[in-house]
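Remarks on the overall topology
The primary structure of each chain is shown beneath.
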Amino acid sequence: MRTLDQKTIEMLSERLENAELQRHEVLKITDEFPDMTFTDATDIQWETRRRKEARGNKIIGMKMGLTSWAKMRQMEVEKPCYGFLADYFSVPEGGQIPISELIHPKVEAEFAFVTNKPLSGDSVTVEEVLDATELVVPAVEIIDSRYKDFKFDLISVMADNSSSTRFVIGGRAARPEEFDWSTRGVVMSKNGEVVELGAGAAVLDHPAASVAMLASMLSERDEIIPAGTFIMTGGITAAVLVEAGDSIVVRYQDMGDVSMKFV
Ligand code: 0L1
Ligand code: MG
């Protein structure tokens with residue numbers, strides 16, 4: 001259900017996008033609009049996407065967020081959220097990420113899926129996702145909630161493009177049938193010390209289930225996942241706070257490393 005008018009949707013989209021582009025925190029928007037709904041929040045996110053495209057940015061993929069049961073519990077939310085990835089979010093493997101471009105970034109290890117067939121509707125299965133997958137790619141997401149002290153609820157975070165800000169892909173891409181993605185492991189090190197580890201099952205029991213859930217969430221707006229979509233499926237590890245000077249290396253079992261340095 002929609003409760004906000006178009007003018008308010010545009011005003012909140014501009015507020016959140018300005019916070020992203022000008023690197024400042026804002027209060028969660030449900031403080032001001034306590035009755036707003038998940039549909040309103042989704043409208044705000046799509047308005048931000050429209051603003052970026054109108055400015056010439058390309059949308060190069062999608063992400064799922066809050067896909068681990070542990071993170072949903074930690075953030076006290078009841079379901080995952082999704083977001084879009086703009087072209088300037090992409091950082092080359094081994095690249096430097098200036099902290100001055102961000103507010104309070106955190107990193108999380110993920111698997112990204114690249115589709116080769118369209119996926120649509122609310123009953124897509126893990127098997128159908130795997131059948132529609134060309135490659136699975138090691139990927140690290142840098143999230144950066146625009147909300148003060150990372151304090152938000154599901155509606156506020158959905159409006160904030162699910163905290164999307166940067167991502168790095170690296171290592172070796174694999175065919176979907178090459179591994180069991182639920183037991184594939186990752187180990188994250190910060191400045192040479194292991195800080196997080198996990199396996200694909202942390203993501204809704206199987207990362208492909210996250211792609212299926214994205215198809216379902218998009219179907220609520222009569223949208224689909226087109227063939228050729230790059231999708232970050234959600235954090236396998238907890239998100240780790242980073243500061244200038246930190247080096248992150250994530251080792252993916254049999255798939256190589258993804259690394260970056262915050263400067
Ligand atoms: O990608 C994620 O799981 C994060 C989604 C938004 C929540 C957060 O900023 O922690
Ligand atoms: Mg993520």
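Use the structure listed above.
Report follows, based on the coordinates. Every residue gets a number counted from 1 within its own chain, in the order that chain's sequence is written. Labels follow written order: the first chain is A, the first ligand is 1, and so on. Confidence filtering applies because this is a predicted model: local features only for residues at pLDDT of at least 70, side-chain atom pairs given and counted only at 80 or more, and all residues used for totals across whole chains, interfaces and linings. Hydrogen atoms and water are omitted, and side-chain values are computed over all heavy atoms in the structure.

1. Details of the packing of aromatic side chains
Operational definition: Within 6.5 Å between ring centres, the rings of Phe, Tyr and Trp (the latter by its six-membered ring) count as paired, and their orientation is classed by plane angle as stacked under 30 degrees, edge-to-face over 60, tilted in between. Helix and strand definitions here come from DSSP, where helices need a minimum of 4 consecutive H or I residues and strands a minimum of 2 consecutive E residues; each element is numbered from the N-terminal end. Each residue gets one of three labels from its accessible area relative to the maximum for its type: buried under 20%, exposed over 50%, partly exposed in between, using a 1.4 Å probe on protein chains only. Only when the NZ atom of a Lys or the CZ atom of an Arg is both within 6 Å of the ring centre and within 35 degrees of the ring normal do we say a charge sits over the ring.
Under the definition given, this model contains six aromatic pairs. Centroid distance F111 to W181: 5.1 Å. Interplanar angle 70 degrees. Geometry classified as edge-to-face. Here F111 is found in strand β5 (residues 106-115), whereas its partner W181 is found in the loop between β7 (164-169) and β8 (185-190), with 70 residues between them in sequence. For W181, a relative accessible area of 1% translates into the label buried. Seen from the ring of F150, K106 lies directly overhead, with NZ or CZ sitting 3.9 Å from the centre.

2. Focus on the site of ligand 1
The condition that has to hold: Summary of the distance rule: residues count as near a molecule or strand when at least one heavy atom falls within 4 Å of that molecule or strand. In the analysis that follows, any N or O atom pair within 3.5 Å is treated as a polar contact, provided that within protein one partner can donate a hydrogen and the other can accept it, and provided that, for residues neighboring in sequence, both atoms belong to side chains. Accessible surface area values rest on a Shrake-Rupley calculation with a 1.4 Å probe, where residue burial reflects the displayed protein chains alone. We place a 1 Å grid over just the protein atoms. Points where a 1.4 Å probe fits but has no way out form a cavity, open points with protein on both sides within 12 Å along at least 5 of 7 lines form a pocket, and any residue with an atom within 4 Å of a point lines it. Any molecule with more than half of its atoms within 2 Å of a cavity's or pocket's grid points is counted as sitting in it. Gly is put with the polar residues, along with every residue not named as nonpolar or charged; the nonpolar set is Ala, Val, Leu, Ile, Met, Phe, Trp, Tyr, Cys and Pro, and the charged set is Asp, Glu, Lys and Arg.
Taken together, 13 residues surround ligand 1, and among them K63, L66, E108, E141 and S163 come closest. A distance of 3.2 Å is found between an oxygen atom of ligand 1 and a side-chain nitrogen or oxygen belonging to K71. Measuring from an oxygen atom of ligand 1, one finds a side-chain N or O atom of E141 at 2.9 Å. Here ligand 1 has 300 Å² of accessible area as a free molecule, and 99% of this is covered by the chains. According to the grid-proximity analysis, the pocket containing ligand 1 is the largest cavity. Those elements that provide at least two residues to the shell around ligand 1 are β1 (59-65) and β6 (133-143). Taken together, the residues of the shell around ligand 1 sort by class into six nonpolar, three polar and four charged.

3. With respect to the nonpolar core
Applicable threshold: Residues grouped as a nonpolar core are buried Ala, Val, Leu, Ile, Met, Phe, Trp, Tyr and Cys residues, joined through side-chain atoms within 4.5 Å. Residue contacts are counted whenever heavy atoms from the two residues lie within 4.5 Å of one another.
Ranked by size, the top nonpolar core spans 73 residues in total, and within it I44, Y82, V107, F111, Y252, M260 and F262 carry the most contacts. Counting residues per element, this core draws most heavily on helix α6 (residues 207-219), which supplies eight residues. Residue contacts for Y252: discarding those within four places in its chain leaves A109, E110, F111, P138, A139, V140, G185, V186 and V258. Counting nine residues, the second largest nonpolar core, distinct from the first, contains L85, A86, V137 and F230.

4. Quick notes on the sheet that holds β8
In plain terms, the rule: Should DSSP find at least two bridges between two strands, the strands are regarded as paired.
In space, the five strands of this open sheet follow the order β4-β13-β12-β8-β9, with mixed pairing throughout. Two strands lie at the open edges of the sheet, namely β4 (96-97) and β9 (193-199), each paired on one side alone. In this structure, β4 lies alongside strand β13 (residues 256-262), joined through two bridges in parallel fashion. Paired with I97 across the strands is F262, a residue of β13.

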